[in-house]
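# Reading the structure
As a plain string of letters, each chain reads:
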Amino acid sequence: MAYYWFKAFHIIGIVVWFAGLFYLVRLFVYHAEAQEKPEPAQSILKKQYELMEKRLYNIITTPGMVVTVAMAIGLISTEPEILKSGWLHIKLLFVALLLIYHFWCGRIMKQLEKGENNWNGQKFRALNEAPTLLLVVIVLLAIFKNNLPLDITTWLIVGLVVFMAASIQYYAKIRRQNEEKLNQSENLVNS
Ligand code: HEM
């Protein structure tokens, strides 16, 4: 029975962790764009995003990670045989990448606070696609385990995820270009 409790809270931890990671990097997008705004808007927005990022990272994202990992340790300690499974070893490689991404985001947060990060919104938007790919691969490994099919269906699904991520980036780019054009024509009318 303990195994099911660990698994339930493992999945709850994952949901919380990913919600935090996705929202954090979205805040980085707004934060980076705020740095291009005129004063006093720039300082006001910067302060607000710093506060939101810190709270999100410390109260949601990191606890989500801790719960996920702690419950995984619980799962393994109740069924140590699992440690011999090949799929778990591969999954752990991707989880390691996810952990690196998590702490790297924490570093970016501090750099933004000190004004030491000069990434633009576009770069952060692209960065926000990385956890999507990790999520898909890790969940597929956890579900299919050693039977993960590497046939056309899997590649079609991975291709679809990449296509969706690229389409979102493309749509955001077109929308920003239209906004810039609108702002330029408004400035022309006002001047
Ligand atoms: C320290 C890192 C992790 C370890 C050691 C770990 C280990 C495990 C173990 C032992 C199970 C039980 C497998 C079973 O009952 O068949 C499990 C289930 C699961 N894990 Fe993880 N996990 C980790 C992180 C993650 C992450 C980051 C995700 C998602 C991105 C994830 C997704 C899942 C899912 C969806 C299940 C349920 C699979 C099922 O019931 O068939 N895990 N994990």
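Residues numbered from 1 in each chain as written. Predicted model: local features only at pLDDT ≥ 70, side-chain atom pairs only at ≥ 80, totals over all residues. Heavy atoms only, no water.

### What to know about the UniProt feature "transmembrane region" (unreviewed entry) in the chain
UniProt records the feature "transmembrane region" (unreviewed entry) for residues 6–29, 56–76, 88–105, 126–146 and 152–172 in the present numbering. Secondary structure content for residues 6–29 is 100% helix and 0% strand, while the C-alpha to C-alpha distance between its ends is 35 Å. Between the end C-alpha atoms of residues 152–172 there is a gap of 30 Å, over a span that is 100% helix and 0% strand. (UniProt positions renumbered as here; feature names shortened; annotations may be inferred. Helix = DSSP H or I, 4+ residues; strand = E, 2+ residues; numbered from the N terminus.)

### Considerations on a nonpolar patch on the surface
A grouping of M1, Y4, W5, F9, I12, V16, I59, I60 and V67 is seen on the molecular surface, where their side chains present a nonpolar patch of about 940 Å² in accessible area. Of all the secondary-structure elements, those providing two or more residues to the nonpolar patch are α1 (2–34) and α2 (41–78). Among the elements that line the nonpolar patch, the one with the most residues is α1, at five residues. By the element assignment, M1 lies in the segment before α1. Looking at M1, the relative accessible area reads 75%, which means it is exposed. (Patch = residues over 30% accessible without salt bridge, like charges linked within 9 Å, V, L, I, M, F, W, Y side chains within 5 Å. Areas by Shrake-Rupley, 256 points an atom, 1.4 Å probe, with all protein chains shown as cover. Salt bridge = Lys/Arg side-chain N within 4 Å of Asp/Glu carboxyl O. Buried < 20%, exposed > 50% of the residue type's maximum accessible area, 1.4 Å probe, protein only.)

### As for the packing of α1 against α2
The packing of two helices is summarised by the inter-axis angle and the distance between the axes. Packing of α1 against α2 leaves a shortest axis separation of 7 Å and a crossing angle of 160°. Between α1 and α2, the angle falls in the class roughly antiparallel. At the point where α1 passes α2, the crossing takes the left-handed sense. By residue class, the composition of the contact of α1 with α2 is 25 nonpolar, 10 polar and four charged. (Axes fitted to C-alpha atoms, helices over the stretch in contact; angles between N-to-C directions. Parallel < 35°, antiparallel > 145°, perpendicular 65-115°, else oblique. Left-handed = near helix turned anticlockwise from the far one by under 90°. Nonpolar A, V, L, I, M, F, W, Y, C, P; charged D, E, K, R; others polar.)

### Remarks on the coordination of the iron atom of the ligand
Within the protein, H10 (NE2) and K91 (NZ) serve as the donor atoms for the iron atom of the ligand, at 1.8 to 2.1 Å. For the iron atom of the ligand, the six donor atoms are set out with angles of 87 to 179° between them, so the coordination reads as octahedral. Of this pair, H10 sits in helix α1 while K91 sits in helix α3 (residues 86–114), and the two are 81 residues apart along the sequence. With relative accessibility at 12%, the residue K91 sits in the buried group. (Donors = N, O, S within 2.8 Å, 3.2 Å for Na, K, Ca; no water. Tetrahedral: all angles 85-135°; square planar, octahedral: opposite > 155°, others 65-115°.)

### A short note on the confidence of the model for the chain
On average, residues of the chain carry a pLDDT of 92, and 100% of them reach 70 or more. The secondary structure element of the chain with the lowest average pLDDT is helix α6 (residues 152–190), at 83, and the one with the highest is α1, at 97. (pLDDT = per-residue confidence, 0-100.)

### Some words on the UniProt feature "binding site: heme" (unreviewed entry) in the chain
Listed under "binding site: heme" (unreviewed entry) in the UniProt record, and renumbered for this structure, are H10 and K91. These annotated residues cover 82 residues of sequence, and their C-alpha atoms lie no more than 14.4 Å from one another, placing them together at a single site. In the annotation above, H10 and K91 are the residues that line the largest pocket. The class of H10 is buried, set by a relative accessible area of 11%. Beyond its immediate sequence surroundings of up to four residues, H10 is in contact with T68, M71, A72, L75 and K91. The contacts of K91, once residues within four sequence positions are left out, are H10, I138, L141 and A142. (1 Å grid on protein atoms, 1.4 Å probe; cavity = no way out; pocket = protein on both sides within 12 Å on 5 of 7 lines; lining within 4 Å. Contact = heavy atoms within 4.5 Å.)

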